[in-house]
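Coordinate analysis (summary)
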Amino acid sequence: MRRALLFTEWGETIGLGHLRRSEALRDHFLASGFEAKIYANLDPRDHKDWREGDWGVIDSYLLPLEAYEWVGHQTQKAIFLDDTLRLDYPKGVILNGAMGAQNLPYPPKEGREFWLGGDYTLVRQEFWNLPPKPIAKKPQRLLITLGGSAQGLKLQQEIEAWASAHFPHLKRLTLNPHLSPSAGEIRSIMQKADIAISGAGGTLNESAACGLPVIAIQIAPNQRTLLEGWSELGAIERVTLGDWEALGQALERLHSPFVRQDLSLKAWQVMQKTRWKEILK
């Protein structure tokens, strides 16, 4: 059986986005008949159990170029997840599944392959093949989720207090990733919610798979491409961090079932077009 070894990281400063993205890629490997395992906060050069024919994956903002070069030489196929053209990556696949990533200026290089844009968007298995979302006439439940970093959790508390004061008729649903909700539990919450206020990381993709209308806020530099890509598709509402007036206006707009229906269908339809079944054959 073919093996895929995925090396990533998580923590208070960087949050859980890299880990969740690696979990999604692992699910695709498993569905394609691979044995797949994630190693968190481990340098691949320190891993001892490499075998001939292994695939190696790195999703990191911390590892140096030498670690990527080492994996490129060690494996049959290397995949490097990227958001911001962080390094001059060695031979292998550069994977950036953010909407619009195909327009980023990745330089061509011998032995380098590109998997860029919405065809390569990653969500965990629990978010595959979901039906379109039924849209209620009046919104009742507001999901607030800003990721697992310390900054995101602080902002989430601020938005919860703001929503309680300005939109008390909306029942607030919250996600705290550090309480370890399963992917199935997160999906269930997203399916119950009528609107979400979300960071602009991987949660946008999972919300889109559920057809959940989202007001998105960029809270980290690496979220810019994903945010702009979804915004250009007209599939989200976009608000600048700290602009409370604009956030209120966006939430008022999403009280219209027609606006929510439009956002929901646009986002959901995009998520039906990924190519993972053919890519990992």
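In this text, all values refer to a predicted model and were calculated from it rather than measured experimentally. (Residues numbered from 1 in each chain as written. Predicted model: local features only at pLDDT ≥ 70, side-chain atom pairs only at ≥ 80, totals over all residues. Heavy atoms only, no water.)

1. Regarding helix α4 (residues 183–192)
The line we're drawing: Per-residue accessibility, obtained with a 1.4 Å probe over protein chains only, is compared with the maximum for each type, and a residue is labelled buried under 20%, exposed over 50%, and partly exposed between these values. Comment: elements are numbered from the N terminus, with helices defined as DSSP H or I runs of at least four residues and strands as E runs of at least two. By arc we mean the arc of the directions from the helix axis to the C-beta atoms, nothing more. The contact criterion used is simple: two residues touch if any of their non-hydrogen atoms lie within 4.5 Å.
Within the sequence span of α4, burial applies to Ala183, Ile186 and Met190. Looking straight down α4, one finds its buried side chains confined to an arc of 60°; they lie on one side. Along its buried surface, α4 packs onto β7 (141–145) and α5 (203–210).

2. Notes on the pairing of strand β5 (residues 92–96)
Just so we agree on the cut-off: Two strands make a pair as long as DSSP finds a minimum of two bridges between them.
Within β5, five of the five residues are buried, which leaves it mostly tucked inside the rest of the structure. When strand β4 (residues 77–81) meets β5, the two strands line up parallel, connected through three bridges. In the strand pairing of β5, Phe80 is matched with Ile94. Relative to strand β6 (residues 112–116), β5 runs parallel, the two sharing five bridges. Looking at β6, one finds that Val93 is bridged to Glu113.

3. What about the pattern of salt bridges?
In plain terms, the rule: Salt bridges are defined as contacts in which a side-chain nitrogen from Lys or Arg sits within 4 Å of a carboxyl oxygen from Asp or Glu.
Applying the stated rule across the entire model yields 19 salt bridges. Close ionic contact of Arg21 with Asp59 constitutes a salt bridge, the shortest N to O distance being 2.7 Å. Of this pair, Arg21 sits in helix α1 (residues 17–31) while Asp59 sits in strand β3 (residues 55–59); the two residues are 38 residues apart in sequence, bridging distant segments of the chain. Across the pair Glu228 and Arg224 runs a salt bridge, and its minimum N-O distance is 3.0 Å. Of this pair, Glu228 and Arg224 are both found in helix α6 (residues 224–232), four residues apart, which corresponds to roughly one turn of the helix. By relative accessible area, which is 25% here, Glu228 ends up partly exposed.

4. Things to note about the sheet that holds strand β10 (residues 214–217)
Rule in force here: Between N-to-C directions, angles span 0 to 180 degrees; the directions come from axes that are lines fitted to C-alpha atoms, helices contributing only their stretch in contact.
If you trace the five strands from one edge of the open sheet to the other, you get β8-β7-β9-β10-β11, paired in parallel fashion. What marks the edges here is a single partner per strand, and that holds for β8 (171–174) and β11 (237–239). Pairs of neighbouring strands in the sheet enclose a mean axial angle of 20°, with direction left out of account. The sheet contact formed by β7 and β8 spans four bridges and is parallel. Bridged to Leu143 within β8 is Leu173.

5. Some details on the packing of aromatic side chains
Aromatic ring pairs: the centre-centre distance and the angle between the two ring planes describe each pair. Here is the rule: Any two of the Phe, Tyr and Trp rings considered here, Trp counted by its six-membered ring, make a pair once their centres fall within 6.5 Å; the pair's planes then place it as stacked at under 30 degrees, edge-to-face at over 60, or tilted in between.
With the rule as written, the count across this model stands at 15 aromatic pairs. Centre to centre, the rings of Phe34 and Trp55 are 5.0 Å apart; their planes meet at 70°, and the pair counts as edge-to-face. Remark: Trp55 occurs in strand β3 and Phe34 occurs in the loop between α1 and β2 (35–40); sequence separation between them is 21 residues. Looking at Phe34, the relative accessible area reads 3%, which means it is buried. Relative accessible area serves as the criterion here: at 6%, Trp55 is assigned to the buried category. With a centroid separation of 5.3 Å and 65° between ring planes, the pair formed by Tyr68 and Tyr89 is classed as edge-to-face.

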